[in-house]
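Spelled out from the first residue to the last, the chains are:
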Amino acid sequence: MAGLGRPVRALRREDRPALAALVAAVENFNAAERECAMELVDIYLGDEAQRDYRFAVVDGAAGDGAATVAAYACWGPVPLTRGTFDLYWIAAHPAARRRGLGRLLMEHVQGRARLEGGRILVAETSAKESYRGTIAFYQRLGFQEVSHIRDFYDVGDDRLIFIRRLT
Ligand SMILES: CC(C)(COP(=O)(O)OP(=O)(O)OC[C@H]1O[C@@H](n2cnc3c(N)ncnc32)[C@H](O)[C@@H]1OP(=O)(O)O)[C@@H](O)C(=O)NCCC(=O)NCCS
(Lines give C-alpha, C1' and ligand atoms only; values in the text may rest on other atoms or scores of the structure.)
Protein backbone atom coordinates (compact mmCIF):
# COMPACT_ATOMS: atom_id res chain seq x y z
CA MET A 1 0.00 0.00 0.00
CA ALA A 2 3.14 2.19 -0.02
CA GLY A 3 2.15 4.04 3.14
CA LEU A 4 -0.99 5.45 1.53
CA GLY A 5 1.05 8.24 -0.01
CA ARG A 6 2.24 9.65 3.28
CA PRO A 7 5.58 11.44 3.44
CA VAL A 8 8.45 10.43 5.67
CA ARG A 9 10.00 13.38 7.47
CA ALA A 10 12.66 14.11 10.06
CA LEU A 11 11.72 14.07 13.74
CA ARG A 12 11.10 17.53 15.22
CA ARG A 13 11.23 18.69 18.81
CA GLU A 14 7.46 19.22 18.96
CA ASP A 15 6.91 15.55 18.04
CA ARG A 16 8.35 14.31 21.34
CA PRO A 17 5.00 13.87 23.22
CA ALA A 18 3.45 12.10 20.23
CA LEU A 19 6.48 9.88 19.82
CA ALA A 20 6.42 9.04 23.54
CA ALA A 21 2.75 8.09 23.15
CA LEU A 22 3.58 5.89 20.17
CA VAL A 23 6.42 4.15 22.04
CA ALA A 24 4.09 3.63 25.02
CA ALA A 25 1.48 2.06 22.74
CA VAL A 26 3.83 -0.56 21.25
CA GLU A 27 2.70 -3.68 23.04
CA ASN A 28 5.89 -5.70 22.72
CA PHE A 29 8.24 -3.05 24.15
CA ASN A 30 8.87 -3.45 27.87
CA ALA A 31 9.51 -0.55 30.25
CA ALA A 32 13.30 -0.67 29.83
CA GLU A 33 12.98 -0.74 26.03
CA ARG A 34 10.62 2.23 26.08
CA GLU A 35 13.04 4.13 28.26
CA CYS A 36 15.95 3.27 25.96
CA ALA A 37 13.94 4.28 22.88
CA MET A 38 13.18 7.68 24.42
CA GLU A 39 16.79 8.16 25.55
CA LEU A 40 17.83 8.02 21.91
CA VAL A 41 15.08 10.50 21.02
CA ASP A 42 16.47 12.89 23.62
CA ILE A 43 20.03 12.49 22.38
CA TYR A 44 18.81 13.34 18.90
CA LEU A 45 16.71 16.31 19.98
CA GLY A 46 19.30 17.56 22.45
CA ASP A 47 22.34 17.71 20.18
CA GLU A 48 21.95 18.85 16.60
CA ALA A 49 25.59 18.04 15.89
CA GLN A 50 25.45 14.35 16.83
CA ARG A 51 25.52 11.91 13.91
CA ASP A 52 25.06 8.61 15.75
CA TYR A 53 21.26 8.50 15.71
CA ARG A 54 18.90 9.54 12.92
CA PHE A 55 15.12 9.61 13.20
CA ALA A 56 12.32 9.62 10.66
CA VAL A 57 8.60 9.71 11.34
CA VAL A 58 5.34 9.35 9.46
CA ASP A 59 2.42 11.47 10.60
CA GLY A 60 -0.85 9.91 11.66
CA ALA A 61 -4.04 9.92 9.64
CA ALA A 62 -7.70 9.10 10.17
CA GLY A 63 -7.95 5.51 11.32
CA ASP A 64 -4.67 5.58 13.26
CA GLY A 65 -6.49 6.02 16.58
CA ALA A 66 -5.13 8.83 18.73
CA ALA A 67 -1.68 8.66 17.19
CA THR A 68 -0.33 11.88 15.69
CA VAL A 69 2.95 10.17 14.88
CA ALA A 70 1.90 6.89 13.30
CA ALA A 71 5.33 5.31 12.84
CA TYR A 72 9.01 6.02 13.32
CA ALA A 73 12.45 4.62 12.73
CA CYS A 74 15.81 5.27 14.38
CA TRP A 75 19.06 4.20 12.75
CA GLY A 76 22.70 5.13 12.57
CA PRO A 77 26.18 4.13 11.45
CA VAL A 78 27.90 1.44 13.50
CA PRO A 79 31.12 2.86 14.98
CA LEU A 80 34.38 1.40 13.65
CA THR A 81 32.73 0.01 10.51
CA ARG A 82 32.69 1.28 6.94
CA GLY A 83 29.17 1.30 5.60
CA THR A 84 27.38 -0.77 8.25
CA PHE A 85 24.25 0.74 9.74
CA ASP A 86 22.14 -0.39 12.67
CA LEU A 87 18.38 -0.09 12.64
CA TYR A 88 17.90 0.66 16.34
CA TRP A 89 14.12 0.97 16.41
CA ILE A 90 11.21 0.79 14.05
CA ALA A 91 7.61 0.87 15.16
CA ALA A 92 4.15 1.62 13.87
CA HIS A 93 1.22 2.42 16.14
CA PRO A 94 -0.92 -0.71 16.56
CA ALA A 95 -3.84 1.11 14.92
CA ALA A 96 -1.66 1.99 11.89
CA ARG A 97 -0.10 -1.40 11.12
CA ARG A 98 -0.21 -3.39 7.88
CA ARG A 99 -0.69 -0.24 5.82
CA GLY A 100 2.82 -0.02 4.45
CA LEU A 101 4.26 2.49 6.94
CA GLY A 102 6.97 0.12 8.16
CA ARG A 103 8.00 -0.61 4.57
CA LEU A 104 7.95 3.09 3.75
CA LEU A 105 10.23 3.89 6.68
CA MET A 106 12.55 1.00 5.88
CA GLU A 107 12.89 2.19 2.29
CA HIS A 108 13.71 5.66 3.62
CA VAL A 109 16.32 4.30 6.04
CA GLN A 110 17.93 2.21 3.30
CA GLY A 111 17.97 5.14 0.89
CA ARG A 112 19.57 7.44 3.45
CA ALA A 113 22.13 4.83 4.44
CA ARG A 114 23.04 4.24 0.78
CA LEU A 115 23.62 7.97 0.31
CA GLU A 116 26.24 7.69 3.05
CA GLY A 117 27.93 4.66 1.55
CA GLY A 118 25.85 2.13 3.46
CA ARG A 119 26.57 -1.48 2.56
CA ILE A 120 24.73 -3.42 5.25
CA LEU A 121 21.70 -2.65 7.41
CA VAL A 122 21.48 -4.69 10.60
CA ALA A 123 18.29 -5.32 12.56
CA GLU A 124 18.18 -7.20 15.84
CA THR A 125 15.09 -8.63 17.44
CA SER A 126 13.85 -11.14 19.94
CA ALA A 127 12.68 -14.57 18.82
CA LYS A 128 9.81 -14.51 21.32
CA GLU A 129 6.31 -15.27 20.11
CA SER A 130 5.34 -11.61 20.57
CA TYR A 131 7.88 -10.70 17.85
CA ARG A 132 6.54 -13.16 15.30
CA GLY A 133 5.02 -10.31 13.24
CA THR A 134 8.25 -8.31 13.41
CA ILE A 135 10.24 -11.30 12.16
CA ALA A 136 7.76 -11.80 9.30
CA PHE A 137 8.16 -8.10 8.48
CA TYR A 138 11.96 -8.33 8.22
CA GLN A 139 11.75 -11.48 6.13
CA ARG A 140 9.16 -9.95 3.83
CA LEU A 141 11.44 -6.95 3.31
CA GLY A 142 14.31 -9.14 2.19
CA PHE A 143 16.33 -9.34 5.38
CA GLN A 144 18.28 -12.54 6.00
CA GLU A 145 18.68 -14.11 9.41
CA VAL A 146 22.43 -14.39 10.07
CA SER A 147 22.60 -15.06 13.81
CA HIS A 148 20.50 -16.76 16.45
CA ILE A 149 21.81 -16.66 20.01
CA ARG A 150 19.82 -18.73 22.45
CA ASP A 151 18.93 -17.22 25.84
CA PHE A 152 20.59 -13.93 24.90
CA TYR A 153 18.10 -11.49 26.45
CA ASP A 154 16.95 -13.94 29.12
CA VAL A 155 16.44 -17.64 29.56
CA GLY A 156 14.13 -18.62 26.70
CA ASP A 157 14.45 -15.23 25.01
CA ASP A 158 16.76 -15.61 22.01
CA ARG A 159 18.33 -12.86 19.92
CA LEU A 160 17.98 -12.88 16.13
CA ILE A 161 20.11 -10.72 13.89
CA PHE A 162 18.89 -9.92 10.40
CA ILE A 163 20.83 -8.11 7.72
CA ARG A 164 19.96 -6.53 4.42
CA ARG A 165 22.71 -5.83 1.94
CA LEU A 166 22.36 -2.35 0.45
CA THR A 167 24.78 -2.75 -2.46
C1 LIG B 1 7.32 -4.38 12.60
C2 LIG B 1 6.40 -3.21 12.28
C3 LIG B 1 7.19 -1.88 12.38
C4 LIG B 1 5.85 -3.36 10.85
O5 LIG B 1 5.17 -2.18 10.50
P6 LIG B 1 3.91 -2.17 9.50
O7 LIG B 1 3.70 -0.75 9.12
O8 LIG B 1 2.79 -2.91 10.08
O9 LIG B 1 4.51 -3.00 8.26
P10 LIG B 1 4.05 -2.86 6.72
O11 LIG B 1 2.58 -2.65 6.64
O12 LIG B 1 4.90 -1.84 6.03
O13 LIG B 1 4.42 -4.29 6.17
C14 LIG B 1 5.50 -4.53 5.27
C15 LIG B 1 5.44 -5.98 4.84
O16 LIG B 1 5.65 -6.82 5.98
C17 LIG B 1 4.54 -7.70 6.15
N18 LIG B 1 4.16 -7.74 7.57
C19 LIG B 1 4.09 -6.69 8.41
N20 LIG B 1 3.64 -7.09 9.62
C21 LIG B 1 3.43 -8.43 9.50
C22 LIG B 1 2.92 -9.42 10.39
N23 LIG B 1 2.54 -9.09 11.65
N24 LIG B 1 2.82 -10.68 9.95
C25 LIG B 1 3.17 -11.02 8.68
N26 LIG B 1 3.63 -10.12 7.77
C27 LIG B 1 3.76 -8.83 8.20
C28 LIG B 1 3.39 -7.08 5.39
O29 LIG B 1 2.51 -8.05 4.92
C30 LIG B 1 4.07 -6.32 4.29
O31 LIG B 1 4.27 -7.12 3.17
P32 LIG B 1 3.64 -6.67 1.73
O33 LIG B 1 3.97 -5.22 1.58
O34 LIG B 1 4.34 -7.52 0.76
O35 LIG B 1 2.19 -6.90 1.89
C36 LIG B 1 5.18 -3.18 13.25
O37 LIG B 1 4.56 -4.45 13.24
C38 LIG B 1 5.53 -2.83 14.68
O39 LIG B 1 5.57 -1.65 15.05
N40 LIG B 1 5.76 -3.85 15.54
C41 LIG B 1 6.05 -3.63 16.95
C42 LIG B 1 7.37 -2.97 17.18
C43 LIG B 1 8.54 -3.85 16.79
O44 LIG B 1 8.56 -5.05 17.04
N45 LIG B 1 9.55 -3.21 16.18
C46 LIG B 1 10.76 -3.91 15.73
C47 LIG B 1 11.80 -4.02 16.77
S48 LIG B 1 12.50 -2.44 17.20
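Given the structure is predicted, the values throughout are model-derived calculations rather than measurements. (Residues numbered from 1 in each chain as written. Predicted model: local features only at pLDDT ≥ 70, side-chain atom pairs only at ≥ 80, totals over all residues. Heavy atoms only, no water.)

**Brief notes about the sheet that holds strand 4 (residues 84-92)**
- Ordered in space as 1-2-3-4-5-7-6, the seven strands form an open sheet in which the pairing is mixed. The open sheet is flanked by strand 1 (8-10) and strand 6 (144-154), the only strands paired with a single partner. The sheet shows a mean angle of 30° between the axes of neighbouring strands, taken without regard to direction.
- Sheet analysis places strand 4 next to strand 5 (residues 120-126), joined by four bridges and oriented parallel. Paired with Phe85 across the strands is Leu121, a residue of strand 5.
- Relative to the sheet, helix 3 (residues 101-115) contacts strand 1, strand 2 (54-59), strand 3 (69-77), strand 4, strand 5 and strand 7 (157-165), its axis offset from that of strand 3 by approximately 25°. (Pairing = 2+ DSSP bridges. Helix = DSSP H or I, 4+ residues; strand = E, 2+ residues; numbered from the N terminus. Axes fitted to C-alpha atoms, helices over the stretch in contact; angles between N-to-C directions. Contact = heavy atoms within 4.5 Å.)

**Quick word on the packing of helix 3 against helix 4 (residues 132-140)**
- Packing of helix 3 against helix 4 leaves a shortest axis separation of 11 Å and a crossing angle of 50°. On the basis of the axis angle, helix 3 is oblique to helix 4. Between helix 3 and helix 4 lies a crossing of right-handed hand. Counting all contacts with helix 3, which are made through Gly102, Arg103 and Met106, the residues of helix 4 involved are Phe137, Tyr138 and Arg140. (Parallel < 35°, antiparallel > 145°, perpendicular 65-115°, else oblique. Left-handed = near helix turned anticlockwise from the far one by under 90°.)

**Observations regarding the site of the ligand**
- Among the 22 residues in the neighbourhood of the ligand, the closest are listed as Ile90, Ala92, Arg103, Thr134 and Arg140.
- Ala92 places a polar main-chain atom, nitrogen or oxygen, 2.7 Å from an oxygen atom of the ligand.
- The separation between an oxygen atom of the ligand and a polar side-chain atom of Thr134 is 2.6 Å.
- About the coverage of the ligand: the protein hides 82% of its 920 Å² of free accessible area. (Near = heavy atom within 4 Å. Polar contact = N/O pair within 3.5 Å; in protein donor to acceptor, adjacent residues only side chain to side chain. Areas by Shrake-Rupley, 256 points an atom, 1.4 Å probe, with all protein chains shown as cover.)

**Thoughts on unusual backbone geometry**
- Positive phi is not limited to glycine here, since Leu80 has a value of about 70°.
- Residue position: Leu80 is located in the loop between strand 3 and strand 4.
- A relative accessible area of 90% means that Leu80 is categorised as exposed.
- In this model, Arg98 sits at a positive phi of 60°, which is unusual for a non-glycine residue.
- Inspection of the secondary structure puts Arg98 in the loop between strand 4 and helix 3.
- Using a relative accessible area of 80% as the deciding quantity, one classes Arg98 as exposed. (Buried < 20%, exposed > 50% of the residue type's maximum accessible area, 1.4 Å probe, protein only.)

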